[in-house]
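Commentary on secondary and tertiary structure
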Amino acid sequence: MAAVGCLKAALQVAEVLETIVSNCVGPEGRQVLCTKPTGEVLLSRDGGRLLEALHLEHPIARMVVACVSSHLKNSGDGAKTFIILLSHLLRGLDAATDKEKDSLVSENIQTHGRHWKNCCQWKFISQALLTFQEQVLDYFMDQCLSRHFLSVFSSSTQEKTLCRSSTELLLEAYFCGRVGRNNHKFISLLMCDYLFKCVAYNSRIEEVFELVDDYFAELNVGVIGLPVSDSRIVAGLVLHRDFSVYCPADGDIRVVIVTETIQPLFSSSGTEFVLNSEAQFQASQFWIMERTKTIMKYLQGQNVKLLLSRVKQPDLVIYYAELNGISVVECLSSAEVSLIQRITGLSPFVLPQTCSQHEVSNTALLKFCKPLILKSKRYVHLGLISTCLFIPHCIVLCGPVQGLVEQHEDALHGAFKMLWQLLKDLDLSYMTGADDQSYTSSPLIYKNSRESELLQEIGNDSIQRSYQGTVVKNKDKLVTVRTHLIVYSNLEIPGVELETYVPCSASKLTPADTHQTDDTLKCLSQNKTSIIDDHEPLIESKFTANSTTENTKIEMSYENVQVTKSVGKGNTLPVSCKSLESYCSSSIPAGCVLPVGGNFEILLHYYLLKYAKKCQQSEETIVSMVIANALLGIPKILYKSKKGNYSFPQIYIRTLHALQTNQPVLSTQTGLESVAGKYQLLNSVLQCLAKILTIDLVINIKRQPRKVYDQDSEDEL
Amino acid sequence: MSRLEAKKPSVCESKPLTRERLRTTLSVLKGIVASCYGPSGRLKQLHNGAGGHVCTTSQSSALLRGLSVTHPVLKILTTSMQNHVSCFSDCGLFMAILCCNLIEYVEGIDLAPTTVIELNKQLLSLCTSYLKSEACACRIPVDFSSTQILLCLVRSILTSKPACMLTGKEVDHISALVLRAFLLTIPEKAEDHIILGKSIIVPLKGQRVIDSTVLPGMLIETSEVQLMRTLPIKKSSALKVALFCVSLSGDFSDTGEGTLAVSYGVSLESAVLDQLLNLGRQLVWDHIDLVICQKVIHPSLKQFLSTHHVIAIDRVGVALMEPLSKMTVAVSSLLLCNRNDTAWDELKLTCQTALHVLQLTIKEPFVFLGGGCTETHLAAYVRHKTLNEPGSILKDVGYTQTELHLIAEAFCSALESLAGSLEHDGGEILTDMKYGHFWSVQSHSPPVANWPDLLSRCGCGLHSNQEELSWSFLRSTHHPFVPQNSLPHEAASSANNLTLDCFTAKLSGLQVAVETANLILDLAYVIEDKN
């Protein structure tokens, strides 16, 4: 009838999935071979694919899979970690509630009653989870973890410039989890080469990522039957088809794109052509021929050497093209045409009414145009000259079997998605209590929003007042203030809310001219110094003192990665507006990474434990403890096979020690991973868990619910 | 009415390699491919129970085409082999046997799969860099000034396919023909990049193999009537040819998307025919002697041309159009005869392989020593390297020397066992301790005191027992030795009757075999969709 205890059922399901994915996760993970009903075989280490291939029947399992796939849609990575984290969380909750049950529930309560009681309890926990996910997690990201973040951008320039060596480390770690051990180094190097070959300037890389993501299928060619090590990058664009006519040409090669047939037809759609005599028919045919000939001659006169056609051209066009030394490629897909247009800025050629000696405006220059033979199949290879930031290059992916080539294709595409996500700022928002007394103030989860609104209504005046007070108090603490300003430059400015909400720390004292639209925000995160300069007058007027706002952002070199130390944001300033709680907006800046190997998890675990000790409410404590412990599950699996100094307990103790003594946390692993990805993953898992916990009963329906007029459907209930 | 059916859950099998089911099927497959390998390989007869075509073969491409494999892991192996063959035509069995061997030999070793894979990869790169290097003692540069090596290469390919049923004399004849056919596809005017022409194999079934021949140019099949009509033309100078790829049947297509209204009494057919005849007149005016059309020529036009002594050949098809339009480059026709259909099919496939191999050899002008010598030599080299310079192999990966030795032993055994697959008649296989070449002793030879007398030449034919050599059994434990470079290249290229293998195909086969084996060893689960 029903599954007793949804938590137990979910735990069972999650544990089964966990055993499968834990064999594929991390650098030691192995491949899975999936067969399709059609008989094709596919190799995969992609958790999402794997879960889908299983075609699970259990309702909770299906729900979990749905959650995973919606997470993947957003971030493109982390399906396996999702499952592992989820099962650890469920296990933790199970253990925690078991303990409580023993102490709380008296013996004589009926089992059924206990079940419902449990459900109520889970509902609370579920709510606590959501509250945690919505309000507390962001706080930790912003206030605690951010000081450990590294960046993939080079520290030498102001602009966001991808650092080659960090990118290599990032990609290597990514491919470690995505492709077989045999090939991950090779593939990650290939990807890195490709990336840096395609990017014209190192700035505005997002554009390039977007383009590559959109046209990924057009930008790679799969060749089956060759060893993987034969894969390579070719300059220019490779079209997945052969020339209809190929005329070798050197030097100045001009290209036009046509979207219709060049040869005029007897009648166009919706018209009628009346033939009255044989002579008329022959004359019309002759005219058509002459007209085609003229157009092709005209193109030749304009130095056009290549004709790219969206449609199939009649034989006559092909014939004249060959006569005039024009190569022709027909039947391009719309994606290929639009890719070429994006790269070269070329618009389709419009057939001229009269073929005068005017220049054809819609032509582009090519560096070369030649056939490319890969495993006895011929492709068109074009040396497009780019007018955008993307310098066209194609990846030739070789592999002994189709399944492997597909896996590598997927992994490369995923890597682009991941990098693209990494280059975006991720907004964080959380409630913070302006508990002014102590530096280690724990944020209170704000439970009564009404109260806050009320406070805000009356807030404006008091802000001013309290603010003034702050200034006075702070006059002799200028050093601290300066730090805040610098830190501030690292943040995204909390948007419009700041005008109404009460800023509680110095870093949130936003000058009026900067709470503006997204544009300013972007500019902010791109160019740090200039924004800091903007503040200068304001600071001077308010503080009438030291306003040296040189970029004192502390930079520390960690091997070749930049360490951005954002110290004690907002915490040190004793603002005198007591009992004011406010809404903070911040962000994980673009390009933030952490070393792989469970660094993120151990860090968050550490801060959560610290936090849990201070929590007053039992649910909060439970939730924080459970999450903190579940997080350790991931590094435990990653270090499963390691021994001695590199075993998990050793790493764990070393990291905690470093954190307690405020030393830099050193990682034994060289790879890097995106912080935003990890953060999103944790969010999704918590949401999924909360969803699972709110279900109290799973009812199996034998058949589809029938429509209302079916009388006999009732009796089975 | 359509019905939505719930999908059946998939079957998930963990650690597929440890399952009995896979082990048995893998050994069956290995049995099949290994027994086909080499000149004395056993033939397989493929037929379906319901009658129909029977195929007798020992070639990987024909074998795999008829064989349906159900186990997903085996499917990886067989598709990998088919893909290799479609790229290189040759060395399919080599690749498949090596892959099976590699999987089989690491089975007993108690090491993590990741270690095995990583070390296999290191050993592979050791092998490929050796085989590509100048120091490699098992490859010979091809001397294009003589046909000796190319002829040996073709002959080795022909002898390794026993299902062609050729006698020694016939092998010599066909090898010469194949080489001639290939040489005719090389254009006379050499520019900076050569575009090779085509060689077309024309079937002449039921005749003696010795009757096979090669003609420059190409043959187009025509009816006897047409032939009779065209024969009288005798011309001393070259014929002028007009080649049409469009239809000359007077059909009228593609009038656009609108409608075409034809008034009463107007005959488009006659209008079109008029045009066709105009074309005919033009052709005659231009002194065209031969009109070839890919599609159909209108009978009236044909008639017209014929009365003007112009030969008209139509419906040649798209397959012949490409070589026809390349007529100016170089085309040759190989008229191939064999006794029966199945033997002819096998011979045709073999000749295609040989032609492809020759093309590959032009691109990379090297050949490997065949007859198992490359494999045993390579194994000796790997053994020697891993024992004496393990540091250079292990420099990037954090594994111990013991682990390396275990995997290297499995790797070398896989190579040697592959070479051993050449022997099907129960003979003994030996290797010499100087060059690391392959030697075999026939099984039913009389017992003699000095048994090296039984060894005449090594597998590739480069060395004879005249030299002061010492031998050891291939399957016994060896003392690693430094395999020495063979004879100087001049001597090698002048040596007659060498058994040689295609360089490109074998090198790629080696890489693909190791990569595929690694792929299979890396499998943690097999998820089978049962829908």
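Per an unreviewed UniProt entry, chain B is named Molecular chaperone MKKS, and its organism is Trichechus manatus latirostris. According to the UniProt record, the Function (unreviewed entry) comment for chain B is "Probable molecular chaperone that assists the folding of proteins upon ATP hydrolysis. Plays a role in the assembly of BBSome, a complex involved in ciliogenesis regulating transports vesicles to the cilia. May play a role in protein processing in limb, cardiac and reproductive system development. May play a role in cytokinesis." Of the comments in the UniProt record for chain B, the one headed Sequence similarities (unreviewed entry) reads "Belongs to the TCP-1 chaperonin family."

As annotated in an unreviewed UniProt entry, chain A carries the name Bardet-Biedl syndrome 10 protein and is attributed to Trichechus manatus latirostris.

Let's talk about the sheet that holds strand β5 (residues 232–235) of chain A
Residue and element names in this part refer to chain A. Pairing is mixed in the open sheet, where 3 strands are placed in the order β4-β13-β5. Of all strands in the sheet, those with a lone pairing partner are β4 (220–224) and β5, marking the two edges. When strand polarity is set aside, the average angle formed by the axes of neighbouring strands in this sheet is 25 degrees. The pairing of β5 with strand β13 (residues 393–399) spans 4 bridges and is antiparallel. Looking across to β13, one finds that Arg-232 is bridged to Val-396. Packed onto the sheet, helix α12 (residues 402–422) meets β4 and β13 and runs at close to 145 degrees relative to β13.

Focus on the pattern of salt bridges
Evaluation of the coordinates by the stated rule reveals 31 salt bridges over all chains. One salt bridge in this structure joins B:Glu134 and B:Arg139, with 3.7 Å as the shortest N-O distance. Overall, B:Glu134 belongs to the exposed group, its relative accessible area being 68%. Its relative accessible area of 6% is what places B:Arg139 among the buried residues. Connected through salt bridges with shared partners, the residues A:Glu15, A:Glu18 and A:Arg91 form a single ionic network.

Observations concerning the sheet that holds strand β5 (residues 198–205) of chain B
Residue and element names in this part refer to chain B. Across the sheet, 3 strands lie side by side as β5-β11-β6; this open sheet has mixed pairing. Single-partner strands in this sheet number two, and they are β5 and β6 (213–216). Geometrically, the sheet is characterised by an average inter-axis angle of 20 degrees between neighbouring strands, direction not taken into account. Of the strand pairs in this sheet, β5 and strand β11 (residues 331–338) are connected by 8 bridges, and their pairing is parallel. Bridge pairing links Ser-199 to Ser-332 in β11.

What counts as what
- Per-chain numbering applies: the sequence of each chain, read as written, is numbered from 1 onward.
- In the order they appear in the text, chains get letters beginning with A and ligands get numbers beginning with 1.
- This being a predicted model, a pLDDT of at least 70 is required before a residue's local features are given, and a value of 80 or more before pairs of side-chain atoms are given or counted; all residues contribute to the totals for chains, interfaces and linings.
- With hydrogens and water excluded, all non-hydrogen atoms of the structure serve as input to the side-chain values.
- UniProt positions are given in the numbering used here, feature names are shortened, and annotations may be inferred rather than shown by experiment.
- By the convention used here, strands pair only if DSSP detects at least 2 bridges between them.
- Helical segments are the DSSP runs of H or I of at least four residues, strand segments are the runs of E of at least two, and each set is numbered from the N terminus.
- Axes here refer to lines fitted to C-alpha atoms; in helices the fit is confined to the stretch in contact. Angles between the N-to-C directions go from 0 to 180 degrees.
- We call two residues in contact whenever any of their non-hydrogen atoms come within 4.5 Å of each other.
- Definition used for salt bridges: Asp or Glu carboxyl oxygen within 4 Å of a side-chain nitrogen of Lys or Arg.
- The cut-offs for exposure are 20% and 50% of the maximum accessible area for each residue type, with area from a 1.4 Å probe on protein chains only; residues under the lower value are buried, those over the upper are exposed, and the others partly exposed.

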